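What follows is each chain in one-letter form.
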Amino acid sequence: MRAVALAERDRLGRMITPKSAPRGSGRPDSPLELSADDFRAMVAHATEEIVRHVATLPTQTLHATGGGKALARSLRESLPEAGTDYAQLVTRLVRRVVPRSFNSASPGYLGYIPGGGLLHSAVADLIANAVNRYVGVWVAAPGLAQLESNVVRWFGELVGYGGDPAPGGLLTTGGSMSNLIAIVTARENLLGEDFSRGVIYVSDQAHHSVAKAARFAGFRRDQLAILPTDAEFRLDVGALAERIEADARAGRAPCLIVASAGTTNTGAIDDLPRLADLAARHALWLHVDAAYGGFFALTERGKRALIGLERADSIALDPHKSLFLPYGTGALVVRSAERLRRAHAMEASYLPPMQRDDDFIDFCDLGPELSRDFRGLRVWLPLKMHGAGVFRAALDEKLDLAARACEAVRAMPHVEIVAEPQLSLFAFRVGPTRGVTGKALDALNRRVQKRVNGRQRVFLTGTVLRGMFVLRVCVLSFRTHADRVEMFLEDLRGALASC
């Protein structure tokens, strides 16, 4: 078998070397055109490497960035003039380069907000990239554009949008782009050309992409009002109401409230019904950053936690978080598709006529991208294959695991829960003990984190809340189950005993 494998590797290498004879189905002098057999061989080799990689995920290290600078330097090179053996390139990539990273696909990855990376979506991307159809304009690929439109409509239904006004939205590269598009849409619809007096309101727990998006949208730093949060790390609605009224009296133009439905720091969900009431009273735009938490609306507990989400004017969602899809898959849904189109539609003589009804959508009219990949297929395929029920069950499991882990951590001596799990994320720390406080206590918690992560069975991240360093646990990967949570608890107990 080894001889067969080596022979296949040699053939793959010869296939793309500059001396090889053209094998394509197109022009005989075009080495960039692969024959059917060559393409099958390339995909087969890549598949074998991926299968080996995924099969060993449970035992792989969780973080292996030591020596990262040396690795990066070794990979620097000038534009290559000659080709390199294909099999060697792929094997080196998967076995040498990929492992030097945070292993966000591992079942033990409990840090930041885990992604997942369903392999179904990898197959969908292979199809989408191979057929290479353009979906930014509906008339260029009506059927494919419709599949992506279906996905957006499903998301709108999921968050509770009705049919009047007609909702809409588009898939993006992630929450950062979704937040930017939402801010631009609010600016255009509420303030128009002169937005120099506009004010955007966020909490001190809002994702940093919101402030970044406001800058990209042309707002000055002093037009972003950062409000305090309550004991549960939710936007203080009373303080917000006072600030809005003060800004109005001072001649400023309150414009946009950005709420959170699952913050990165603690998983907090702002009081969406009260914020919706406040926005309606002052005729403000309400945008909800639900990149992490939004898809928990698939579950009954998530629906209860997210009451009021359907009243938002716009909602950012990240399928690459709580739908377990590959990174680079975000979404923005809006209560009024027309308001989104009004903010972004442009005309150009070289483009075909745009669709001007709600049945068929030109995605280039709804955001900043004209050129875009067909990202809808990576969402559509797994949802069509499995149905929403499979995703609902997986999210319910994560809610259960987070609740169980939190109670077990709470029972440990000298440990305090700083942020309760409102969804599948909670924060904790070693509390003041044996006279250890302040910076010394922060250092103790960092040592605990280092000890836990050093076991390489789970990966935790920390953050700073109200001046104190805390540890976070986010249970979200579709590969994370009860056995891995038990490993986390064992490693935490061991770390606490040794620190």
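Residues numbered from 1 in each chain as written. Predicted model: local features only at pLDDT ≥ 70, side-chain atom pairs only at ≥ 80, totals over all residues. Heavy atoms only, no water.

A. Layout of the environment of Gln60. One can find Gln60 in the loop between α2 (36-55) and α3 (68-75). Its relative accessible area of 18% is what places Gln60 among the buried residues. Separated by 43 residues in sequence, Gln60 and Asn103 have C-alpha atoms that sit 8.0 Å apart. Those residues in contact with Gln60 that lie beyond four places of it in its chain are His53, Asn103 and Gln456. Separated by 2.8 Å, the side chains of Gln60 and Thr56 make a polar contact. (Helix = DSSP H or I, 4+ residues; strand = E, 2+ residues; numbered from the N terminus. Buried < 20%, exposed > 50% of the residue type's maximum accessible area, 1.4 Å probe, protein only. Contact = heavy atoms within 4.5 Å. Polar contact = N/O pair within 3.5 Å; in protein donor to acceptor, adjacent residues only side chain to side chain.)

B. Spotlight on helix α6 (residues 142-159). Helix length check: α6, at 18 residues, gives a terminal C-alpha distance of 26 Å against a target of 26 Å (1.5 Å per residue), a fit within 8%. Listed in full, the buried residues belonging to α6 are Ala145, Leu147, Glu148, Ser149, Asn150, Val151, Val152, Phe155, Gly156, Leu158 and Val159. Among the structural elements, β1 (168-172), β6 (314-317), α12 (319-322), β7 (330-334) and α14 (377-386) are those in contact with the buried residues of α6. Downstream of α6 by one or two residues, Gly160 has phi in the positive range, about 100°. (Expected span 1.5 Å × (residues − 1).)

C. Just the pairing of strand β3 (residues 224-227), in detail. By the bridge criterion, four bridges tie strand β2 (residues 198-203) to β3 in an arrangement that is parallel. Paired with Ser203 across the two strands is Leu227, which belongs to β3. In this fold, the crossover linking β2 to β3 by way of helix α8 (residues 208-216) has right-handed handedness. (Pairing = 2+ DSSP bridges. Right-handed = clockwise from strand over helix to strand, strands pointing away.)

D. Main features of unusual backbone geometry. Cis rather than trans, the peptide bond between Asp164 and Pro165 has omega equal to 0°. Looking at where Pro165 falls in the secondary structure, it is placed in the loop between α6 and β1. Unlike most non-glycine residues, Ala283 shows phi in positive territory, near 55°. Secondary-structure assignment places Ala283 in the loop between α10 (272-281) and β5 (285-289). Ala283 gets classed as exposed once you look at its relative accessible area, which sits at 58%.

E. Region of the structure containing the pattern of salt bridges. Under the counting rule described, the total for this entry stands at 30 salt bridges. The residue Glu148 makes a salt bridge to Arg372 at a minimum N-O spacing of 2.8 Å. You can see Glu148 sitting in helix α6 and its partner Arg372 sitting in the loop between α13 (337-344) and α14, a full 224 residues away along the chain. Salt-bridge contacts for Arg234 lead to Asp230; the nearest nitrogen and oxygen are separated by 3.2 Å. Under the relative-accessibility criterion, Arg234 is labelled partly exposed at 24%. (Salt bridge = Lys/Arg side-chain N within 4 Å of Asp/Glu carboxyl O.)

F. Focus on the nonpolar core. Phe155, Leu240, Ile257, Leu286, Val288, Ile315 and Leu317 are the most contacted members of the largest nonpolar core, which totals 65 residues. Broken down by element, this core gets its largest block of residues, six residues, from α6. Ignoring sequence-local partners within four residues, the contact set of Leu240 consists of Tyr201, Leu227, Leu235, Ile257, Leu275 and Leu278. Core analysis: the next-biggest nonpolar cluster, separate from the first, contains 28 residues, Leu401, Val409, Leu471 and Ala495 among them. (Core = buried A, V, L, I, M, F, W, Y, C linked by side-chain atoms within 4.5 Å.)

G. Main features of the sheet that holds strand β9 (residues 425-430). With antiparallel pairing, four strands are arranged side by side in an open sheet as β8-β9-β11-β10. Lying at the two open borders of the sheet, with one neighbouring strand each, are β8 (415-419) and β10 (461-465). Between one strand axis and the next, the sheet turns by 40° as a mean value, whatever way the strands run. Relative to β9, β8 runs antiparallel, the two being bridged by four bridges. Within β9, the position partnered with Ile417 by the bridge is Phe428. Of the strands in this sheet, β9, β10 and β11 (468-474) are in contact with helix α16 (residues 438-454), which crosses β11 at around 25°. (Axes fitted to C-alpha atoms, helices over the stretch in contact; angles between N-to-C directions.)

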